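Descriptive analysis of the structure
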Amino acid sequence: KIYCSYIPRILIAILIMVPVCESVEILLAGKSLLARSSIKDIAYAVICSHGNKVYWYLYMLLGIYLYLPIFRAIVKGLDQKGLLYLLVIVFIGTCVIPYMLMLKNDVVWLKPVIYFTKKLKLAFMFRQAYFLFLGYYLHTYPPTQKVKRMIYAAAVISMAACIAIGLLVSASKGRYVEKWVTDSAPFQYVVTVGLFLFFKDISKRIEKKEKTVGFVLFMGKNS
């Protein structure tokens, strides 16, 4: 199913979306699409990706699909405590440590911590896979309404803190400082959980309306 259904869909999206995005960029730069360098740039973008372009997630999805059987095997044998342990470890490895490395020049007391984490090689783990594990946990063990309200409140506070810190640091430096508002910041993960639960609740309401479900399935099948 992965090789015959999921991956071909992503490849089709890459073959359509990447050349379109690159062509627009080339035209905005005042270059000709028929020029040899332009064709070479488009081909390179399709095969290798530029990493930070708007379509980066398509290439990431290819990797996640290939790892999916392994991820399923990992979570299959875990109970709730085991899943929580996995989430904590992966969260530290994929989010907290890399983010601390980014802040090493701004936060002096982090330097000794960063030294040891570098030595232990803890910064490289499955970052995007964390969201798969987290989604699986929230689906399998849904939180109570009280916990949900706490998560929503934490998400709002996290977003407010992100904006406030980003504005203050950028104002003091006299330029935009992305590291305080980047989507890899730990508190952005709290926002992600809040959004996931919010749309999960909306989807339950939608499922009760047959016409809406039919439309969503039709769009999903043909897009």
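See above for the structure.
Residues numbered from 1 in each chain as written. Predicted model: local features only at pLDDT ≥ 70, side-chain atom pairs only at ≥ 80, totals over all residues. Heavy atoms only, no water.

**Some details on a nonpolar patch on the surface**
A surface patch of nonpolar side chains, about 510 Å² in accessible area, is lined by Ile12, Ile16, Val20, Val24 and Leu28. Its location among the elements puts valine 20 in helix α1 (residues 2-28). Judged by its relative accessible area of 48%, valine 20 falls in the partly exposed class. (Patch = residues over 30% accessible without salt bridge, like charges linked within 9 Å, V, L, I, M, F, W, Y side chains within 5 Å. Areas by Shrake-Rupley, 256 points an atom, 1.4 Å probe, with all protein chains shown as cover. Salt bridge = Lys/Arg side-chain N within 4 Å of Asp/Glu carboxyl O. Helix = DSSP H or I, 4+ residues; strand = E, 2+ residues; numbered from the N terminus. Buried < 20%, exposed > 50% of the residue type's maximum accessible area, 1.4 Å probe, protein only.)

**Thoughts on the nonpolar core**
Counting residues in each nonpolar core, the largest one holds 17 residues, and the members touching the most others are Leu86, Leu87, Tyr130, Phe133, Leu134, Leu138 and Val193. When residues of this core are traced back to their parent elements, those giving at least two are α3 (56-76), α4 (80-102), α6 (129-140) and α8 (186-207). Per-element accounting of this core gives the leading share, six residues, to α6. Not counting chain neighbours up to four residues away, the residues in contact with phenylalanine 133 comprise Phe71, Val75, Leu86 and Leu87. Ile7, Leu58, Leu62 and Leu68 belong to the second-largest nonpolar core, a separate cluster that totals 12 residues. (Core = buried A, V, L, I, M, F, W, Y, C linked by side-chain atoms within 4.5 Å. Contact = heavy atoms within 4.5 Å.)

**Focus: the pattern of salt bridges**
Pairing is possible between side chains of opposite charge, provided their charged atoms come close. A complete count under the given rule lists one salt bridge for this structure. In this structure, the salt-bridge partner of aspartate 201 is lysine 148, at a minimum N-O distance of 2.9 Å. With aspartate 201 in helix α8 and lysine 148 in helix α7 (residues 145-173), this pair connects stretches of sequence that are 53 residues apart.

**Some remarks on the packing of α4 against α6**
Orientation of α4 relative to α6, taken along the N-to-C sense of each, is 155°, at an axis distance of 10 Å. Regarding the angle of α4 to α6, the classification is roughly antiparallel. With respect to the hand of their crossing, α4 and α6 are arranged in left-handed fashion. Seen from α4, the contacting residues are Gln80, Leu83, Leu84, Leu86, Leu87, Val90, Phe91 and Thr94; seen from α6, they are Tyr130, Phe133, Leu134, Tyr136 and Tyr137. (Axes fitted to C-alpha atoms, helices over the stretch in contact; angles between N-to-C directions. Parallel < 35°, antiparallel > 145°, perpendicular 65-115°, else oblique. Left-handed = near helix turned anticlockwise from the far one by under 90°.)

In short, geometric facts, not functional conclusions.
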